[in-house]
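Chain by chain, the residues:
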Amino acid sequence: MKRQVMVDRCVCHDVPFTTLLQWATDRTSTTVNDVRDTFGCSSSCGMCRRYIEEALSTGCAKVPLRLQQERAE
Ligand code: FES
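A brief look at the structure comes next. (Residues numbered from 1 in each chain as written. Predicted model: local features only at pLDDT ≥ 70, side-chain atom pairs only at ≥ 80, totals over all residues.)

Those residues of helix H3 (residues 49-58) not exposed but buried are Tyr51, Ile52 and Ala55. Each buried residue of H3 lies within a common arc of 100° when the element is viewed along its axis, so the set occupies one face. The inward-facing, buried residues of H3 contact strand S1 (6-7), helix H1 (17-24), helix H2 (32-39) and strand S4 (63-64). (Buried ≥ 20, exposed ≤ 12 C-beta atoms within 10 Å, placed from the backbone. Helix = DSSP H or I, 4+ residues; strand = E, 2+ residues; numbered from the N terminus. Arc of directions from axis to C-beta. Contact = placed C-beta atoms within 7 Å.)

Here we take up the nonpolar core. One finds Val7, Cys10, Phe17, Leu20, Val35, Cys41, Cys48, Tyr51, Ile52 and Ala55 forming the largest nonpolar core, which totals ten residues. Looking at this core, the elements with two or more residues in it are H1 and H3. Top contributing element to this core by residue count: H3, with three residues. In contact with Val35, other than residues within four places in its own chain, are Leu20, Thr30, Cys41, Ser42 and Ile52. (Core = buried A, V, L, I, M, F, W, Y, C linked by C-beta atoms within 7 Å.)

Okay, the packing of H1 against H3 next. Where H1 meets H3, the closest approach of the two axes is 10 Å, and the angle between their N-to-C directions is 45°. One element, H1, and the other, H3, form an angle in the oblique class. When you trace H1 past H3, the crossing you get is right-handed. Contacts from Phe17, Leu20, Leu21 and Ala24 of H1 reach H3 at Ile52, Ala55 and Leu56. In terms of residue class, the contact of H1 with H3 is built from seven nonpolar, no polar and no charged. (Axes fitted to C-alpha atoms, helices over the stretch in contact; angles between N-to-C directions. Parallel < 35°, antiparallel > 145°, perpendicular 65-115°, else oblique. Left-handed = near helix turned anticlockwise from the far one by under 90°. Nonpolar A, V, L, I, M, F, W, Y, C, P; charged D, E, K, R; others polar.)

Spelled out as structure tokens, the structure:
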């Protein structure tokens, strides 16, 4: 059985998505740029950006890891 790896935080800034989602519930709308400005997430390596977008849109604090597809030659 294949195990799905989940992303649940911004690693560079050690901020769990649960923290971001909890913070977002007190706001009328939240963008990744709002998260960046407040927590620093996505301002370093930037790898968490797409996962934060998905967490904010779905409300799920664990997002499946997506590896870049290899190009067909
Ligand atoms: S993992 Fe979030 S900026 Fe690097």
